[in-house]
Amino acid sequence: MTEIINSIQKIAVEIKDAIKTKDTGKVESLNSSGDIQVKLDVISDEIVERHLLKTSSVIEIISEEKEDAMPANPNGKYFVAYDPLDGSSLIDVDLSVGSIFGIYKGGYSGENIVAAVYIVYGPRVEMVVARDTVELFRLNEETNEFEFVKELRLEEKGKILGPGGTQKYWYPYHKEMIDNFFKDGYRLRYSGGMVPDLHQILLKGGGLFAYPGTEDKPKGKLRKLFEVFPFAYVYNKAGGLAVDGKNDLLDLDIDGYHDTTPCFFGSNYEIKKVLKTYEGAEK
Ligand code: P6P
């Protein structure tokens, strides 16, 4: 596991440099989820692939940017699913973006995830590593080494709300729930980048991030393997909860590598409100 985390640190430094120097133009291709790719998506994917394929403890990798898994080292024991540059379309408006890594043992499912790592490329470059606890590291740009900052824990109840999905297509009961949170004084914090949005809630004491099922996307938008399971793992290990509206996200399996799911990540108080709202709710 340490070997993988060391590889991810090298990946982060190279992607950080690429973001600052490479063209953010679009390429003529779509990724496996049908998202338009920018050149940095392809560049970042190549950086991750190069490092993980030579990481001896990795047996297989799969990228959000590619249809299928890729064999790595036959004697490895970890399956790594990753989103090399989540929210890349935000780079051309100079907003923070991130890389997400789910580390699985025995195959790809919520139950098989054994660690999660994400990187935030913002005014600083930070890495969060979730194993038994959740640890924050910050890149020392002079040495290009990540330095431990602190352990992260969620409060029982927070004050930040990240309401994703197209509001026009929210189910009525979901809209009422979100409106009630705002009436309770929650602060809206939503950039359109899952990594910085969830990082902010984690570091600012908690709250709720929601990307629900909607009339136009009943299964939500965010991908189980590359985005949802890793952040569900982080939030659970930080003392919070992560659900699809009814089930713990880490109890879910996958039908295909690129499955999506409605997802809610947050402090216990807010997630219990979500569960109560969605219990028996009619669409
Ligand atoms: P919307 C970025 O494209 C992403 O996959 C996540 O990082 C983010 O949370 C979500 O999509 C934003 O989606 O529909 O609000 O633009």
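Residues numbered from 1 in each chain as written. Predicted model: local features only at pLDDT ≥ 70, side-chain atom pairs only at ≥ 80, totals over all residues. Heavy atoms only, no water.

A. The overall build of the protein, seen in detail. A tally of helices and strands in the protein yields six helices and 15 strands. Scaling as 2.2 N^0.38, a compact globule of 283 residues should have a C-alpha radius of gyration of about 19 Å, and the protein matches this with 18 Å. Principal-axis analysis of the C-alpha atoms places the extent of the protein at approximately 50 × 40 × 40 Å. Relative to its 283 residues, the protein shows a buried fraction of 55%. Considering only intrachain contacts with a sequence separation of at least 6, the fraction spanning at least 24 residues in the protein is 60%. On the protein, roughly 12400 Å² of surface is accessible, and the fraction owed to carbon and sulfur atoms is 47%. Counting 35 positive and 46 negative side-chain charges, the protein places the centres of these two groups 5 Å from one another. (Helix = DSSP H or I, 4+ residues; strand = E, 2+ residues; numbered from the N terminus. Rg over C-alpha atoms; globule rule 2.2 N^0.38 Å. Buried < 20%, exposed > 50% of the residue type's maximum accessible area, 1.4 Å probe, protein only. Contact = heavy atoms within 4.5 Å. Areas by Shrake-Rupley, 256 points an atom, 1.4 Å probe, with all protein chains shown as cover. Lys, Arg positive; Asp, Glu negative; His and termini not counted. Charge placed at Lys NZ, Arg CZ, Asp CG, Glu CD.)

B. Spotlight on the sheet that holds strand 7 (residues 113-121). On the basis of which strands lie adjacent, the open sheet formed by eight strands has the order 4-3-5-6-7-8-9-10 and mixed pairing. In this open sheet, the two strands that pair with only one neighbour each are strand 4 (70-71) and strand 10 (145-151). Direction of pairing for strand 5 (residues 78-86) relative to strand 6 (residues 97-104): antiparallel, over a ladder of six bridges. Each bridged residue has a counterpart across the sheet, and for Ala 81 the counterpart in strand 6 is Gly 102. Strand contacts of helix 4 (residues 194-203): strand 5, strand 6, strand 7, strand 8 (125-130) and strand 9 (134-140), with the helix running at about 100° to strand 7, the strand carrying the most contacts. (Pairing = 2+ DSSP bridges. Axes fitted to C-alpha atoms, helices over the stretch in contact; angles between N-to-C directions.)

C. Geometry of unusual backbone geometry. The phi dihedral of Asp 94 is positive, around 60°, even though this residue is not glycine. Looking at the element boundaries, Asp 94 is found in the loop between strand 5 and strand 6.

D. Expanded view of the nonpolar core. Counting residues in each nonpolar core, the largest one holds 42 residues, and the members touching the most others are Leu 202, Leu 225, Phe 229, Phe 231, Val 234, Tyr 235 and Phe 265. At nine residues, helix 5 (residues 224-237) tops the list of elements feeding residues into this core. Each of domain 1 (2-151) and domain 2 (160-281) gives at least three residues to this core. The contacts of Tyr 235, once residues within four sequence positions are left out, are Leu 154, Leu 198, Ile 201, Leu 202, Gly 240, Leu 241, Phe 265 and Gly 266. Counting 35 residues, the second-largest nonpolar core is a separate cluster that includes Ile 15, Ala 72, Leu 90 and Val 117. (Core = buried A, V, L, I, M, F, W, Y, C linked by side-chain atoms within 4.5 Å. Domains from an automatic or database assignment.)

E. Just the pairing of strand 15 (residues 263-266), in detail. Where burial is concerned, the two faces of strand 15 agree: the one with Cys 263 and Phe 265 and the one with Phe 264 and Gly 266 are both buried. Two elements, strand 14 (residues 241-243) and strand 15, share three bridges in a ladder whose sense is antiparallel. Of the residues in strand 15, the one forming a bridge with Val 243 is Phe 264.

F. Local environment of the domain arrangement of the protein. Examined at the domain level, the protein breaks down into domain 1 (2-151) and domain 2 (160-281). Measuring from the centre of the C-alpha atoms in domain 1 to the corresponding centre in domain 2 gives 22 Å. Taken together, the contact pairs 41 residues of domain 1 with 27 residues of domain 2. Together, the buried faces of domain 1 and domain 2 total about 2700 Å²; carbon and sulfur atoms form 66% of this surface. The interface formed by domain 1 and domain 2 contains one salt bridge. Across the salt bridge formed by Arg 223 and Glu 64, the nearest N and O atoms sit 3.0 Å from each other. The interface formed by domain 1 and domain 2 includes 10 residue pairs in polar contact (both at pLDDT 80 or more). Every element with two or more residues in the side of domain 1 that touches domain 2 is listed here: strand 3 (58-63), strand 5, strand 6, strand 7, strand 8 and strand 9. (Buried area = accessible area lost by both parts, 1.4 Å probe. Salt bridge = Lys/Arg side-chain N within 4 Å of Asp/Glu carboxyl O. Polar contact = N/O pair within 3.5 Å; in protein donor to acceptor, adjacent residues only side chain to side chain.)

G. Local environment of the UniProt feature "domain: Fructose-1-6-bisphosphatase class 1 C-terminal" (unreviewed entry) in the protein. UniProt records the feature "domain: Fructose-1-6-bisphosphatase class 1 C-terminal" (unreviewed entry) at residues 155-278, using the numbering of this structure. Between the end C-alpha atoms of residues 155-278 the distance is 23 Å, and the span holds 38% helix and 15% strand. (UniProt positions renumbered as here; feature names shortened; annotations may be inferred.)

H. Representation of the packing of aromatic side chains in the model. Counting across every chain of the model gives 13 aromatic pairs. Here the aromatic rings of Tyr 104 and Tyr 108 are separated by 5.7 Å at their centres, their planes lie at 70°, and the arrangement is edge-to-face. Owing to a relative accessible area of 0%, Tyr 104 belongs among the buried residues under this scheme. For Tyr 108, a relative accessible area of 11% gives the class buried. Between Tyr 190 and Phe 209 the ring centres are 6.1 Å apart and the planes differ by 25°, which places this aromatic pair in the stacked class. Of the two residues, Tyr 190 is situated in the loop between strand 12 (187-188) and helix 4 and Phe 209 in strand 13 (residues 207-211); the sequence distance between them amounts to 19 residues. By relative accessible area, which is 35% here, Tyr 190 ends up partly exposed. Taken together, the ring pairs in this structure connect Phe 79, Tyr 104, Tyr 108 and Tyr 257 into an aromatic cluster. Sitting above the plane of the Tyr 269 ring, Lys 157 keeps its charged end 5.0 Å from the centroid. (Phe/Tyr/Trp six-rings, centres within 6.5 Å; stacked < 30°, edge-to-face > 60°. Lys NZ or Arg CZ within 6 Å of the ring centre and 35° of its normal.)

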